[in-house]
Amino acid sequence: MHNPNIVDSETWLTARLALLAKEKEFTRLKDELSESRRQLPSVEVVKPYNFANLSGNHTLSDLFKGKSQLIIYHFMYGADWESPCKSCSFWADNFNGIDIHLAHRDITFLVTSSAPIEMIEAVKKRMGWSFDWLSSGDSDFNQDFYVGFSPEQKECNEVNYNYKIQPYPADQMPGVSVLLKDDKNRILHTYSSYSRGLDLLNGAYNYMDLTPKGRDEADGIMKWLRLRDQY
């Protein structure tokens with residue numbers, strides 16, 4: 001249980017101003033980090049990938065929808081899964097509506113999973129999600145972007161996830177990838193992030209971080225979490 005330290009208003013203000021100085025420094029460092037991220041080199045993506053939604057099959061180039069920048073959230077949901085990942089669903093509850101704003105900054109935002117599109121559409125309808133969510137099931141996209149792992153990797157208990165070799169965690173893991181289409185129509189992979197690197201994409205967690213109890217997960221990260229309609 002959180003035990004608050006109760007003080008007078010003047011003492012509180014002194015403590016708050018000290019924290020404000022740290023918050024401003026964090027903001028400055030975050031801006032520097034974002035600039036460093038923008039300066040990363042890129043790798044050309046030449047391998048063909050196939051994606052599917054209700055309108056048919058699409059190439060990776062098609063996913064840009066006329067924009068030069070593409071953000072893809074890698075959602076954990078496989079063809080043999082009974083339900084979507086509750087953690088990715090928590091993140092996805094933050095996605096509705098942002099695609100319109102991003103489109104006005106030359107960015108297309110969408111989600112991909114290896115599950116068939118029929119399963120994906122059923123979850124979208126159930127959860128009331130409107131963002132684009134495509135199936136990548138007929139390609140090596142998940143494996144090549146290090147969010148999908150093979151039976152052979154499970155057998156040897158070794159995968160490359162979050163930029164390090166580690167024990168096999170699951171057949172899929174979450175991530176976000178950013179791609180750019182340049183003036184020569186080349187597709188460039190500019191950035192990917194995984195694990196705690198996804199925290200900034202979850203508005204609910206950022207709100208929790210403002211509160212006295214914070215994320216309140218001492219009994220285990222996300223053990224409390226449910227799909228939104230299962231609480």
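No experiment lies behind these values; they were computed from the predicted model shown.

Engineer: I'm lost on unusual backbone geometry in this one. Help?
Structural biologist: Phi is mostly negative for residues that are not glycine, and the peptide bonds are mostly trans. Despite not being glycine, N157 has its phi angle at roughly 55°, a positive value. Topologically, N157 is positioned in the loop between α6 (151-156) and β7 (159-161). In this model, M222 sits at a positive phi of 65°, which is unusual for a non-glycine residue. Given the relative accessible area of 17%, M222 is considered buried.

Engineer: Sorry, what's going on with helix α1 (residues 9-38) here?
Structural biologist: Spacing of three or four residues puts side chains on the same side of an α-helix, whose turn is 3.6 residues. Look at α1: 42 Å from first C-alpha to last across 30 residues, which is about the 44 Å you get at 1.5 Å a residue. Among the residues of α1, the N-terminal cap falls to D8, whose side-chain oxygen and the backbone nitrogen of E10 are separated by 3.1 Å.

Engineer: Could you clarify how one ought to interpret the side chain of N142 in this entry?
Structural biologist: Tracing the backbone through its elements, the reader meets N142 in helix α5 (residues 141-144). In contact with N142, other than residues within four places in its own chain, are S114, S136, V147, G148 and Q172.

Engineer: Help me out: how do you make sense of the pairing of strand β5 (residues 107-113) in this one?
Structural biologist: Burial analysis of β5 places seven of its seven residues in the buried class, the great majority of the element. Both faces of β5 are covered, namely the face carrying I107, F109, V111 and S113 and the face carrying T108, L110 and T112. Looking at chain direction, strand β4 (residues 69-74) and β5 are connected through six bridges and run parallel. Within β5, the position partnered with Y73 by the bridge is V111. Here three bridges tie β5 to strand β6 (residues 133-135), and the two strands are oriented parallel to one another. Within β6, the residue paired with S113 across the bridge is S135.

Engineer: Looking at this structure, how should I read the pattern of salt bridges?
Structural biologist: Side-chain pairing between opposite charges can occur once the charged atoms of the two side chains come close. Enumeration according to the criterion identifies 13 salt bridges in this entry. Its salt-bridge partner being R38, residue E35 comes within 2.9 Å of it at the nearest N-O pair. One end of the pair, E35, and the other, R38, are both in helix α1, three residues apart, so they sit about a helical turn from each other. For E35, a relative accessible area of 35% gives the class partly exposed. The closest approach of N and O atoms between D199 and R196, which form a salt bridge, is 2.7 Å. On the basis of relative accessible area, D199 is assigned to the buried category, the value being 10%. In this structure R196 comes out as exposed when scored by relative accessible area, which is 58%. Because the salt bridges share partners, they merge into one network encompassing R196, D199, D209 and R215.

Engineer: Even after reading the chapter, I still don't get the packing of aromatic side chains, so can you show me in this structure?
Structural biologist: A ring pair, where both rings are aromatic, is described by two values, the distance of the centres and the angle of the planes. Applying the stated criterion across every chain, the model contains 21 aromatic pairs. Positioned over the ring face of Y205 is R215, at 4.0 Å from the centre of the ring.

Engineer: Before we go on, may I ask you to explain the nonpolar core in this structure?
Structural biologist: Note that soluble globular proteins tend to have their nonpolar side chains buried in a common cluster. Residues Y73, F75, W91, F95, V111, W129 and W133 are the most contacted members of the largest nonpolar core, which totals 32 residues. By size, the runner-up hydrophobic cluster in this structure holds 14 residues, among which are V45, Y49, F145 and L179.

Engineer: Got a minute to help me understand helix α4 (residues 117-127) in this structure?
Structural biologist: Looking at α4, one finds that the buried residues are I117, I120, V123, K124 and M127. All buried residues of α4 fall inside an arc of 125° around its axis, so they share one side. For α4, the exposed residues set more than 90 degrees away from the buried face come down to E118 and K125. Residues of α4 that are buried make contact with β2 (51-53), β5 and β6.

Engineer: I keep staring at the state of the cysteines and nothing clicks. Help me out?
Structural biologist: For the structure shown, the criterion picks out zero disulfides. Left without a disulfide partner, C85 is nearest to the cysteine sulfur of C88, which lies 3.9 Å away. Take C85: its relative accessible area is 11%, and that puts it in the buried class.

The rules behind these values
- Residues numbered from 1 in each chain as written.
- Predicted model: local features only at pLDDT ≥ 70, side-chain atom pairs only at ≥ 80, totals over all residues.
- Heavy atoms only, no water.
- Helix = DSSP H or I, 4+ residues; strand = E, 2+ residues; numbered from the N terminus.
- Buried < 20%, exposed > 50% of the residue type's maximum accessible area, 1.4 Å probe, protein only.
- Expected span 1.5 Å × (residues − 1).
- Polar contact = N/O pair within 3.5 Å; in protein donor to acceptor, adjacent residues only side chain to side chain.
- Contact = heavy atoms within 4.5 Å.
- Pairing = 2+ DSSP bridges.
- Salt bridge = Lys/Arg side-chain N within 4 Å of Asp/Glu carboxyl O.
- Phe/Tyr/Trp six-rings, centres within 6.5 Å; stacked < 30°, edge-to-face > 60°.
- Lys NZ or Arg CZ within 6 Å of the ring centre and 35° of its normal.
- Core = buried A, V, L, I, M, F, W, Y, C linked by side-chain atoms within 4.5 Å.
- Arc of directions from axis to C-beta.
- Disulfide = S-S within 2.5 Å.

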